[in-house]
Amino acid sequence: MSTTDPSLMKPAPLVTADTRAFWDACAEGALTFQRCAACGHVQFPPRPFCTECRAAGPGTERSAGLGTIHSFTIVHRAPTAAFKADTPYVLALVDFDEGFRLMVNLRGGPPSDARIGLRVRVLFEPLAGGGALPQVRPLVE
Amino acid sequence: MTPVISGAADTAVGRLDGSGCMALHAEAASAALADAGLRADEVDGVLCAYSLAEPHLMLSSVFNEYFGIAPSYSAAVQAGGATACALVMQAAALVRAGICRNVLAVCADNRLTGLGRSGAVAALAEVGHPQFERPYGMSIPAAYALVARRCMHERGVTAEHLAAISVTQRGHARRHPKAQARDPLTMEQALSARMIADPLRLFDCCLVSDGGAALVISAADAAADHTDRTVSILGYGQMNTHEHAFAMPSLTDFGCRQSAAQAFAMAGLTPADIDVAEIYDSFTITLLAELESIGFFPKGEAGPAILDGALELDGVLPCNTHGGLLSYGHSGAAGGMFHIVEAVRQLRGEAEARQVAGAETAFVHGDGGILSAHCSLILGRA
């Protein structure tokens, strides 16, 4: 199997005008989110207005990158051939401390380490075509 | 004008070698029109869904051309598993508004032979967010497994509660001669089947099928000229809270709460008044979570009740009496329509070996996306 087989290429994030700054920050090792200056609402993913009060231009802030697993699954049956070699892998929803949620994979240990409530820290995995994908690993204090 | 369901039909379901998406649409449509006693040229409204195997931007127009009809109103609706119920709600609104007299709602897809099981799994995974889900290898079972894990954590749901759903519904499917999965299924088999997305195992996941189904929704006076087997549309409601898994406002409580509340208020009924329920079961956890959100069982009590036989034909809430998506079949939007067709048959007393005695009211629910789009119907014996 050649790694250039297109069916084995993992889908890269399809960056849009709304999210280019977010992905640029990831490439620099920074996880960002938005906070509305008018009402304080925290939101993710980025967009040019506040989903709570509709004010324009919510501000971008840098996350400390610390969060807690809200739920997780261990994937045994990959959605496509590109993820087959990774099984079993952990897919998790992580609530970051600033108040936004990301779907990520849990790295840095066996899948059996995953549990609801586990404290995690963001890490950035290089993407094949450039840039980086935010992931998490268990937080070791 | 009061809308009623005047016709209901479905095709064979399962692996239908040589089937085509449009041919399945036409077969289901012809059978539903025959059931309603209508000619095709008496249809003045057509509502279609979508197809993964033969996608088209304007599926209702493609169907009209293929079927050889020219309705004055036509549209395709895409709300995932909520589509079939949404078609009935929209058709009822068209009839009430006096825009249409006879609306044909038709759904079909040949997912199993047209895409294959792996192809269907891959195509469905594309509903994941193109930036914040798909790069992580999210599958649809994985998204529902996130819900299942959280329900286990917060509500005490167990693997046995989930397995009891698939075993109960398999028992119902075994009474339906057309069901796709009719082999006996035991708790032990369900609990030891291969893991798909922990904690969901093989029998926690719905089937991939070819098949189609259709309904005719008519003005009551128009239907009265052709059939005496109509079913009343007592209530309906919708709620849409999000689309993607990472944007779910809650992993244990869903928009079916509000959509069902609207439907019950319109019908002037409560969950205790329902004789038979046909509720979307893309996964076992889908059904269990919805039973609690809708209010058929208090939080944390659906699982133990199911283990105790609550969803059996003689239980407190006979549910998915055809076997559901888990055992009857799931061919796209038609999967949700199989639930409605089954409700119609139960209310007409035509459900044969799986008939719920004295069924006069039926609750039907569809959900699309990751428990995102919800539509509830309450139907009644005319």
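Residues numbered from 1 in each chain as written. Chains lettered and ligands numbered in written order. Predicted model: local features only at pLDDT ≥ 70, side-chain atom pairs only at ≥ 80, totals over all residues. Heavy atoms only, no water.

The number of helices and strands found in chain B is 14 helices and 11 strands. Against the compact-globule benchmark of 21 Å for 382 residues, chain B has a radius of gyration of 19 Å, which places it among compact chains. With the C-alpha coordinates aligned to their principal axes, the bounding extent of chain B is approximately 55 × 45 × 40 Å. Of all 382 residues assigned to chain B, the portion counted as buried reaches 63%. A separation of at least 24 residues holds for 77% of the contacts in chain B among residues at least 6 apart in sequence. (Helix = DSSP H or I, 4+ residues; strand = E, 2+ residues; numbered from the N terminus. Rg over C-alpha atoms; globule rule 2.2 N^0.38 Å. Buried < 20%, exposed > 50% of the residue type's maximum accessible area, 1.4 Å probe, protein only. Contact = heavy atoms within 4.5 Å.)

The next subject is the UniProt feature "domain: ChsH2 C-terminal OB-fold" (unreviewed entry) in chain A. The feature "domain: ChsH2 C-terminal OB-fold" (unreviewed entry), as given by UniProt, occupies residues 63–124 of chain A in the numbering adopted here. As a span, residues 63–124 of chain A carries 0% helix and 47% strand, and end to end its C-alpha atoms are 13 Å apart. (UniProt positions renumbered as here; feature names shortened; annotations may be inferred.)

Moving on to the domain arrangement of chain B. All names here are of chain B. Assigned domains within chain B: domain 1 (3–116 + 209–229) and domain 2 (140–204 + 231–381). When each unit is reduced to the centre of its C-alpha atoms, the spacing between domain 1 and domain 2 is 23 Å. Taken residue by residue, the interface counts 45 residues in domain 1 and 35 residues in domain 2. At the boundary of domain 1 with domain 2, total buried surface from both sides reaches about 2,900 Å², with 64% on carbon and sulfur atoms. (Domains from an automatic or database assignment. Buried area = accessible area lost by both parts, 1.4 Å probe.)

Residue and element names in this part refer to chain B. As a packed pair, helix α3 (residues 83–96) and helix α14 (residues 333–348) sit with axes 7 Å apart at the nearest point and diverge in direction by 65°. Contact residues: α3 offers T83, A84, C85, L87 and V88, while α14 offers A333, G336, M337 and I340. Residue classes in the contact of α3 with α14 are distributed as seven nonpolar, two polar and no charged. (Axes fitted to C-alpha atoms, helices over the stretch in contact; angles between N-to-C directions. Nonpolar A, V, L, I, M, F, W, Y, C, P; charged D, E, K, R; others polar.)

Residue and element names in this part refer to chain A. The pairing of strand β1 (residues 32–35) with strand β3 (residues 59–62) spans four bridges and is classified as antiparallel. In the strand pairing of β3, Q34 is matched with T60. Two strands pair when backbone bridges link them, and β1 and strand β2 (residues 42–43) are joined in this way by two bridges, in the antiparallel orientation. The residue bridging R35 from the neighbouring strand is V42, located in β2. Linkage of β1 to β2, two consecutive antiparallel strands, is achieved through a turn of six residues, within which G40 is found at a positive phi near 85°. (Pairing = 2+ DSSP bridges.)

Listed per partner, the contact involves 34 residues of chain A and 30 residues of chain B. Each partner contributes to the roughly 2,900 Å² buried at the junction of chain A and chain B, and carbon and sulfur atoms together form 65% of this total. For chain A, the biggest contributors to the area lost against chain B are A:R77, A:P79 and A:M103; these three give 24% of the whole. For the pair chain A and chain B, the interface holds zero salt bridges. Applying the counting rule to chain A against chain B returns 17 residue pairs in polar contact (both at pLDDT 80 or more). Of all the secondary-structure elements, those providing two or more residues to the side of chain A that touches chain B are α1 (20–27), β4 (66–75), β5 (89–96), β6 (101–105) and β8 (132–138) of chain A. When residues in the side of chain A that touches chain B are grouped by element, the largest group, six residues, is from β4(A). Of the residues belonging to the side of chain A that touches chain B, the class tally is 23 nonpolar, nine polar and two charged. Relative to strand β5 (residues 195–198) of chain B, β4(A) runs antiparallel, the two sharing two bridges. The residue of β5(B) that forms the bridge with A:I74 is B:D198. (Salt bridge = Lys/Arg side-chain N within 4 Å of Asp/Glu carboxyl O. Polar contact = N/O pair within 3.5 Å; in protein donor to acceptor, adjacent residues only side chain to side chain.)

Let us now look at the pairing of strand β7 (residues 119–126) of chain A. All names here are of chain A. In terms of strand pairing, β4 meets β7 through three bridges, oriented antiparallel. Residue pairing for β7: L66 is matched across the bridge by R121. Two elements, β7 and β8, share seven bridges in a ladder whose sense is antiparallel. Residue E125 lies in a different strand from β8, and its bridge partner there is L133. Hairpin connection between β7 and β8: a loop of five residues separates the two successive antiparallel strands, and G130 in this loop has a positive phi of roughly 100°.

Our focus in this paragraph is the environment of B:S61. Residues and elements named next belong to chain B. Relative to the helices and strands, S61 resides in helix α2 (residues 59–67). For S61, a relative accessible area of 35% corresponds to the partly exposed category. Put simply, S61 and A76 are 15 residues apart on the chain and 8.3 Å apart in space, counted from C-alpha to C-alpha.

Attention now goes to the confidence of the model for chain B. The share of residues in chain B with pLDDT of 70 or more is 100%, and the mean pLDDT across the chain is 97. Our summary of model confidence lists the complex with pTM equal to 0.97 and ipTM equal to 0.96. (pLDDT = per-residue confidence, 0-100.)

Residues and elements named next belong to chain B. Strand order in the open sheet formed by nine strands is β3-β2-β4-β7-β1-β8-β11-β10-β9, with mixed pairing between adjacent strands. The open sheet has two free edges, formed respectively by β3 (73–76) and β9 (276–279), since each of these has just one partner strand. When the angles between neighbouring strand axes are averaged without regard to direction, this sheet yields 25°. Bridge count for strand β2 (residues 45–48) against strand β4 (residues 102–110) is four bridges, and the pairing is parallel.

Counting across every chain of the model gives 19 salt bridges over all chains. Linking A:D95 and A:R101 is a salt bridge whose minimum nitrogen-to-oxygen distance equals 2.7 Å. Overall, A:D95 belongs to the partly exposed group, its relative accessible area being 24%. Residue classification places A:R101 among the buried positions, given a relative accessible area of 16%. Note that B:R111 is salt-bridged to B:D109, the shortest N-O span being 3.4 Å. Among the residues examined, B:R111 registers a relative accessible area of 6% and is labelled buried. Judged by relative accessible area, which is 1%, B:D109 ranks as buried.

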